[in-house]
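A closer look at the structure
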Amino acid sequence: MLQLFFRRLRQDRRLAILVLLLSTLLLALAGAGMQSSSANGLLPSLLWSGLMVVGVVGQFTALVALMKKP
């Protein structure tokens with residue numbers, strides 16, 4: 001599934017740029033959420049950590065797709 005997403009990003013550069021921007025925004029929001037809910041418990045921390053991982057994977061995939069030739 002990730003490979004199909006990567007192929008789609010390689011073909012459509014605008015989509016890759018949009019994914020890069022949205023992943024960056026998600027990573028920033030997850031970082032802010034992680035700091036604000038550090039005292040609330042384990043479940044919110046795991047949720048924010050999961051969203052951070054999704055953001056980093058999205059950024060990495062979009063950057064690699066933009067660096068490769070279509």
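Residues numbered from 1 in each chain as written. Predicted model: local features only at pLDDT ≥ 70, side-chain atom pairs only at ≥ 80, totals over all residues. Heavy atoms only, no water.

**Quick word on the side chain of serine 45**
Quick note on the threshold: Here a strand is any run of E in DSSP of at least two residues, a helix any run of H or I of at least four, and the numbering for each starts at the N terminus. Here the term buried applies to any residue with accessible area under 20% of the maximum for its type, exposed to any over 50%, and partly exposed to those in between, with areas from a 1.4 Å probe on protein chains only. Residue contacts are defined here by distance: any two heavy atoms, one from each residue, within 4.5 Å place the two residues in contact.
Note on placement: serine 45 falls in helix α3 (residues 42-67). Given the relative accessible area of 18%, serine 45 is considered buried. Setting aside anything within four residues of it in sequence, one finds serine 45 in contact with Met34 and Ser37.

**Side note on a nonpolar patch on the surface**
We apply this condition: Exposure above 30% relative accessible area and no salt bridge define the residues that can form patches, which grow by joining like charges within 9 Å and nonpolar side chains of Val, Leu, Ile, Met, Phe, Trp and Tyr within 5 Å. Using a 1.4 Å probe, the Shrake-Rupley method yields the accessible areas, and only the shown protein chains count as cover for residues. Within this document, salt bridges are pairs made up of a side-chain nitrogen of Lys or Arg and a carboxyl oxygen of Asp or Glu, the two lying within 4 Å of each other.
Where nonpolar side chains cluster on the molecular surface, the patch consists of Leu2, Phe5, Val53 and Val57 and spans about 340 Å² of accessible area. When contributions to the nonpolar patch are tallied by element, the ones reaching two or more residues are α1 (2-11) and α3.

**Section: the confidence of the model for the protein**
Threshold: For every residue, the predictor states its confidence as a pLDDT score lying anywhere from 0 to 100.
Taken as a whole, the protein shows an average pLDDT of 91; of its residues, 99% reach a score of 70 or greater. The least confident element of the protein, judged by mean pLDDT, is α1 at 91; the most confident is helix α2 (residues 13-36) at 94.

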